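Below, each chain spelled out in residue letters.
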Amino acid sequence: MRRFAIALLLTLTLLIGCHQFSPVSPPLIANWEGTPSAALTVKTVKIADPFIGWEAEKPTKTNFPPPKINSFTPANATESAILSNGQWIEVEDKRADTLFLEYSVQVPVADRYFFYGRKFWQHGPFRWRWDDQPWQQVNRHTYLMDGVAIRKRVSANWVGLGKVTLAKGTHTLRIELLEQEGAAAFDCFVLTPTPLQPRGKLKPNQRFVAQVKDGFIFDPEQDPFTTSPIDLRSLNENIAGDNGRIQVRGEAFVHQKTGRPVRFWAVNMDMEAIQMDRTLAKSTARFLAKKGVNMVRLHGALWSEDLKTIAPKDLDKLFGFIAAMKQEGIYINLSIYFPVWLTLDKTSQFAGYTGQNPFALLFFNPEFQSIYYGWWRSLLTTPNPYTGKPLRDDPAIAMVELINEDSYFFWTFKPYDSIPAAQMEPLEQQFADWLIPKYGSVSQAHQAWAKTASPWNRSIPGDTPDNQRAGVLPIQDLVAQRESLRAKDTVAFLANSQQQFFQNSITLIRQELGYPGLIYASNWVTASAQFLGPVDKLTNTVGDFMDRHGYFSSFHDGEDIYSVSQGDVYEDRSALLFTDLTQKQPYDFDLPIMDLRYNGKPSTITELNWTTPNRFRADFPILAATYGLLQGTDGVFFFATTKPTWTASFGKFPIASPVIMGQFPAMALIYRKGLIAAGDSVVDVSLNIQDVLNLKGAPITAPQNLDDLRASDVPTGQSLQSDSAKSIDPLAFLVGKVNLNFTDQAGSARQVDLTQYRDRDTKTVRSITNQLLWNYNKGFVTFDAAKAQGITGFLRKAGAQTLQTVRIQSDLDYGSVVLVSLDDEPLTRSRRMLLQVMSEEQTLGWKTTGSRRKTIQSVGNPLLTVRNLSGTVALRRPDAASLKVTALDFNGYPTGKAGNANPIKLMPDKFYYLIEK
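Conventions adopted
Residues numbered from 1 in each chain as written. Predicted model: local features only at pLDDT ≥ 70, side-chain atom pairs only at ≥ 80, totals over all residues. Heavy atoms only, no water. Helix = DSSP H or I, 4+ residues; strand = E, 2+ residues; numbered from the N terminus. Rg over C-alpha atoms; globule rule 2.2 N^0.38 Å. Contact = heavy atoms within 4.5 Å. Areas by Shrake-Rupley, 256 points an atom, 1.4 Å probe, with all protein chains shown as cover. Core = buried A, V, L, I, M, F, W, Y, C linked by side-chain atoms within 4.5 Å. Buried < 20%, exposed > 50% of the residue type's maximum accessible area, 1.4 Å probe, protein only. Pairing = 2+ DSSP bridges. Patch = residues over 30% accessible without salt bridge, like charges linked within 9 Å, V, L, I, M, F, W, Y side chains within 5 Å. Salt bridge = Lys/Arg side-chain N within 4 Å of Asp/Glu carboxyl O. Lys, Arg positive; Asp, Glu negative; His and termini not counted. Charge placed at Lys NZ, Arg CZ, Asp CG, Glu CD. Axes fitted to C-alpha atoms, helices over the stretch in contact; angles between N-to-C directions. Left-handed = near helix turned anticlockwise from the far one by under 90°. Nonpolar A, V, L, I, M, F, W, Y, C, P; charged D, E, K, R; others polar. 1 Å grid on protein atoms, 1.4 Å probe; cavity = no way out; pocket = protein on both sides within 12 Å on 5 of 7 lines; lining within 4 Å. Points joined across faces, edges and corners; volume = space filled by probe spheres on them. Polar contact = N/O pair within 3.5 Å; in protein donor to acceptor, adjacent residues only side chain to side chain. Phe/Tyr/Trp six-rings, centres within 6.5 Å; stacked < 30°, edge-to-face > 60°. Lys NZ or Arg CZ within 6 Å of the ring centre and 35° of its normal. Expected span 1.5 Å × (residues − 1).

Novice: Just to check I follow, could you spell out the overall build of the protein chain for this structure?
Specialist: In terms of helices and strands, the protein chain carries 16 helices and 50 strands. The C-alpha radius of gyration of the protein chain comes to 29 Å, within 12% of the 29 Å expected for a compact globule of 917 residues. Put simply, 75% of the contacts in the protein chain that link residues at least 6 apart link residues at least 24 apart. Here the protein chain has roughly 33,900 Å² of accessible surface; of this, 49% comes from carbon and sulfur atoms.

Laid out in structure tokens, this is it:
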């Protein structure tokens, strides 16, 4: 009744005494692959929760200077169309006075309102208050709920400003800037009784409308989180940690109290996410839990400007975010250090640095290690006010990571270059201390090295035998000189140094800081997958489990490789075809889903993505789930999202989009319940530890798949691909488990005869379980298990596929169709099933030229479209005609009957169908 009264009064008296949002005007053009269609318009829809909104550029009082052209003023009609009234109130110059804005706002019904503003990025810290209520401060690094680019480096973003209780009547809002120089701009403001779902400049009761050629707009309603067939919240514990710590037993993660195995369907979120207010953090946790997520990897820097501390306000934000996730049964993985996040210069306490990232410094520098351990001390021992216990005592903190993407054995290890000579001295001394027990002195080590016939026996920086220090070869020499005694000694020393750091860190975090949870070392690749890869992984085995990262990328060339921009050149590339990115060989069989398991430990991939631009991404979640289960992968972490719900535009790594997160319901269910069988071992390799350190190499290697940012660390002329001299077929990963063990005994290798599973003529690979089939000629994968069946890839080329319980036929060029049981019964007799379908996505207005190699003419607007779905799905059951089919909307709520299951004709704009007996 209260909501009805508010709605009625708002209809009659909305915004009396203040300014309404201005109408949204066309034209923006919708298209698919650059084909023009109808103009974009806006429609008004009924919503349950009313709102009050007004334009920022129309205050009742202000001392902002008269409008002028600033560096972020819209320059044309296209840029103006991003803002709700085509403009915002803005300032950029220095000013003598404190600038303010005042608005007179008519509130028709007393209530406690959520207050939001749309502003220029993170610029312009300010404070606000209603009437004579206490001031509320908004700092520069406030959380951005969304982002719509006006142009490069200029965006309009919604921010949550807090909550306010307002009586019926007229109220005054006053805003004051906190700095007297720098940029600030405001577009509009909103008061609403319930949380806002930002969608650019649209009012809460507006939707974009467009006739998209061969597609439709993806614009879900705000989710009320009522009962839905695709809600996977019940898979999580009531509260993360209810069943005790996550522990390792054998090759699996298990719950401490029950002993039941657990796999993690997870997402990465950076530390921007912890800036969410508590209400938004809670709704984000609910959104993720519904999608089947049971872990978040919080990945980002927390240190203050002085580097030595973590600010109490950031700790508080982190603690509040963790508590919100915990309440939805979502565990936390803490990843707090990556050298790329930090640059050191002459103002730091580390002499010699002039702006470099401190790659490898943490492994050997005691002063830096002390700072690093201080971060963990603050994180793990400070009481969390939202749970009443420090993180070390909270079982929701399932795992912590020691260092992200760094190793002595990657190209970033550049002694006397990226690591200044002054900082090399401790490492040289440590190398000398390692050599002396072996040779008697550093001089004798040099004499031994000189006796080996090698063109590399020369003096290098740091060689001071008389001062008992030994220079350290850079990574390129370790690769090139691997037959020399000096290179072998250097590798053995560096392996010892790296492993000792990992072991010391684990001991300190466990024993001194009292954290009993899981700890893992790192997740990086090396300059030589065959010869240095095993060395690096050997050092990582001191952790509780093994981790890796992987990105499937297509060709992408642009000014900023970390974004997708107009003018970029790219190619679409399908993982299913094993197309070689360099076009130097027929196939590239290295894919990031291929999991090489070490020492019988659990295995995770804490960063995984099919990066954009690339239209072939719909197979990504399906391959991650199905082949992850086949190979025994214990955790899949999609990289990355920072927003509370769906993304509306593309960066480099979008996952909160239709083709990725839109497929989570079925795939998370399949993965977490283990509906695809784990394979038996098809490859077992044992490597003698001394042979590993002597750079004898390995007959099988883990794939090395880098994103564009880290690929830029590889020197020109060096390959990202694994070394070629391998004796074991890389397609073994698609057949079953591939294991590598380090041992003090003689090395060995055993491989199942793969000819019975791989057909080179038809270019197919069948799993040892007979549940998975990969066709890399036509480009599709099918899975066919008792409770889960489906296909992904080039559906038209694949033709009709008849599986155990379902027959699938589609003329879609590319997409996926999945059927999964919802009641844990085989599909042959299940009474409740989910049918999930997907095609391709792109931004509205995306436009390219070219065929194989494309140039982006327009990145489009902040709204995603999906290519129309089509095809038929028939259940091969005698009772198919009696099975009721209900189409569901994007949030998983019924939209109407869709006939029966004999057959189901797929609708153009429906992802989900509930099939019931």
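Novice: Help me understand the nonpolar core, please; the structure alone is not making it clear to me.
Specialist: Soluble, globular proteins show a tendency: their nonpolar side chains are buried together. Grouped together as the largest cluster of nonpolar side chains are 224 residues, with contacts concentrated most on Leu-298 and Trp-774. With 11 residues, helix α10 (residues 485–512) is the single largest residue contributor to this core. Counting 30 residues, the second-largest nonpolar core is a separate cluster that includes Ile-89, Leu-99, Val-138 and Ile-175.

Novice: Honestly, the sheet that holds strand β47 (residues 884–888) in this entry has me stumped. Any pointers?
Specialist: The strands making up a sheet associate through backbone hydrogen bonding, with each pair oriented either parallel or antiparallel. Sheet architecture is open: 10 strands sit in the order β35-β36-β37-β38-β39-β42-β43-β50-β47-β48, paired in antiparallel fashion. For this open sheet the edge positions go to β35 (758–759) and β48 (894–900), each flanked by a neighbour on one side alone. Alignment of strand β39 (residues 788–793) against strand β42 (residues 815–821), held across 6 bridges, turns out to be antiparallel. Within β42, the position partnered with Ala-788 by the bridge is Val-820.

Novice: I tried to follow a positive patch on the surface on my own but got confused; where do I start?
Specialist: Together, Arg-112, Lys-163, Arg-278 and Lys-282 make up a positively charged patch on the protein surface. Within the secondary structure layout, Arg-278 lies in helix α3 (residues 278–290).

Novice: Hey, could you run me through the packing of helix α6 (residues 366–381) against α10 in this one?
Specialist: A pair of packed helices is characterised by two quantities: the angle between their axes and the separation of those axes. Between α6 and α10, the shortest axis-to-axis distance is 11 Å and the interhelical angle comes to 35°. Seen along the crossing, α6 lies across α10 with a hand that is right-handed. Note on element contacts: α10 touches α6 through Phe-501, Asn-504, Ser-505, Leu-508, Ile-509 and Glu-512, opposite Gln-369, Tyr-372, Tyr-373, Trp-376, Arg-377 and Leu-380. Class assignment for the residues of the contact of α6 with α10 results in 7 nonpolar, 3 polar and 2 charged.

Novice: Help me understand empty space enclosed by the protein, please; the structure alone is not making it clear to me.
Specialist: The rolling of a water-molecule-sized probe over the atoms marks out the regions of remaining empty space. Within the structure shown, the criterion is met by 7 cavities of 30 Å³ or more. Taken as a whole, the largest cavity encloses approximately 280 Å³ of empty space. Lining the largest cavity are 29 residues; nearest its centre among them are Trp-524, Lys-537, Tyr-598, Ala-702 and Pro-703. Residue assignment for the lining of the largest cavity shows that the elements contributing at least two residues are α11 (533–540), β26 (546–552) and β29 (596–598). Element by element, the count of residues in the lining of the largest cavity is highest for β26, at 5 residues.

Novice: What is the right way to read the environment of Arg-129 from this model?
Specialist: Looking at the element boundaries, Arg-129 is found in strand β9 (residues 126–130). For the pair Arg-129 and Arg-174, spaced 45 residues apart in the sequence, the C-alpha separation amounts to 5.6 Å. Sequence-distant contacts of Arg-129, that is, excluding residues within four places in its chain, are made with Pro-134, Trp-135, Thr-172, Leu-173 and Arg-174. Polar side-chain contacts of Arg-129 include one of 3.5 Å to the backbone oxygen of Asp-131.

Novice: I keep staring at the pattern of salt bridges and nothing clicks. Help me out?
Specialist: Where charged atoms of side chains with opposite charge meet at close range, the side chains can pair. For the coordinates displayed, the defined rule picks out 51 salt bridges. Here Arg-853 and Glu-571 are joined by a salt bridge, their closest N and O atoms 2.7 Å apart. A residue pair is termed long-range when its members are at least 10 positions apart, and Arg-853 in strand β45 (residues 853–867) and Glu-571 in strand β28 (residues 569–571) qualify at 282 residues. Note on Glu-571: relative accessible area 9%, which makes it buried.

Novice: Please clarify how the sheet that holds strand β49 (residues 904–905) should be interpreted in this entry.
Specialist: The strand order across the open sheet formed by 4 strands is β40-β41-β46-β49, and the pairing between neighbours is antiparallel. The sheet is open, and its two edges are formed by β40 (801–802) and β49, each paired on a single side. Where β40 and strand β41 (residues 806–809) come together, 2 bridges link them in antiparallel fashion. Residue pairing for β41: Thr-802 is matched across the bridge by Arg-807.

Novice: I keep staring at the packing of aromatic side chains and nothing clicks. Help me out?
Specialist: In this description, an aromatic ring pair is defined by two values, namely the gap between the centres and the angle between the planes. Taken as a whole, this structure holds 71 aromatic pairs when the rule is applied. Taking the centre distance of 4.7 Å and the plane angle of 25° together, the rings of Trp-303 and Trp-375 count as stacked. With Trp-303 in the loop between β20 (295–299) and α4 (312–327) and Trp-375 in helix α6, this residue pair connects regions lying 72 residues apart in the sequence. The interplanar angle of 75° and the centroid separation of 6.3 Å between the aromatic rings of Tyr-337 and Tyr-372 together place this pair among those described as edge-to-face. Placement of the pair is Tyr-337 in the loop between β21 (331–335) and α5 (361–364) and Tyr-372 in helix α6, with a sequence separation of 35 residues. Accessibility classification places Tyr-337 together with Tyr-372 in one group, the buried group. Positioned over the ring face of Phe-531 is Arg-482, at 3.9 Å from the centre of the ring. One residue, Arg-853, lies across the ring of Phe-555, its end atom 3.7 Å from the ring centre.

Novice: Just checking my understanding: could you explain helix α7 (residues 421–439) for this structure?
Specialist: Helical periodicity: at 3.6 residues per turn, an α-helix aligns residues three or four positions apart in one direction. Here α7 spans 25 Å end to end across 19 residues, near enough to the 27 Å set by a 1.5 Å rise per residue. The set of residues buried in α7 consists of Gln-423, Met-424, Leu-427, Glu-428, Phe-431, Ala-432, Leu-435 and Tyr-439. Lining the buried residues of α7 we find α5, α8 (442–451) and α10. Positive phi shows up at Gly-440, right after α7, with a value of about 100°.

Novice: Even after reading the chapter, I still don't get the environment of Pro-108, so can you show me in this structure?
Specialist: Here Pro-108 lies in the loop between β7 (100–107) and β8 (111–120). Placed 62 residues apart in sequence, Pro-108 and Thr-170 show a C-alpha to C-alpha distance of 8.5 Å.

Novice: I tried to follow the pairing of strand β14 (residues 184–192) on my own but got confused; where do I start?
Specialist: Consecutive residues of a regular strand have side chains that alternate between opposite faces of the sheet. Burial analysis of β14 places 9 of its 9 residues in the buried class, the great majority of the element. Examined bridge by bridge, strand β4 (residues 52–55) and β14 share 4 bridges and lie antiparallel to one another. Paired with Trp-54 across the two strands is Phe-189, which belongs to β14. Across 3 bridges, the pairing between strand β6 (residues 89–91) and β14 is antiparallel. Among the inter-strand pairings, Glu-90 is bridged to a residue of β14, identified as Ala-185. Strand direction decides the pairing type here: β8 and β14, joined by 6 bridges, are antiparallel. Each residue of the ladder has a partner; that of Arg-118, found in β14, is Cys-188.

Novice: Looking at this structure, I do not really get unusual backbone geometry. What am I missing?
Specialist: Note on backbone geometry: most residues besides glycine have negative phi, and most peptide bonds are trans. The amide bond that connects Thr-612 to the next residue, Pro-613, takes the cis arrangement and shows omega of -5°. Structurally, the position occupied by Pro-613 is in the loop between β30 (603–610) and α12 (619–631). Put simply, Asn-902 and Pro-903 share a cis peptide bond, and its omega is -10°. Along the polypeptide, Pro-903 turns up in the loop between β48 and β49. At Leu-307, a residue that is not glycine, the phi angle is positive and equals roughly 75°. Since its relative accessible area comes to 11%, Leu-307 is described here as buried. Residues other than glycine seldom take positive phi values, yet Asp-824 does so here, at roughly 65°. Tracing the backbone shows Asp-824 in the loop between β42 and β43 (832–838). Its relative accessible area of 38% is what places Asp-824 among the partly exposed residues.

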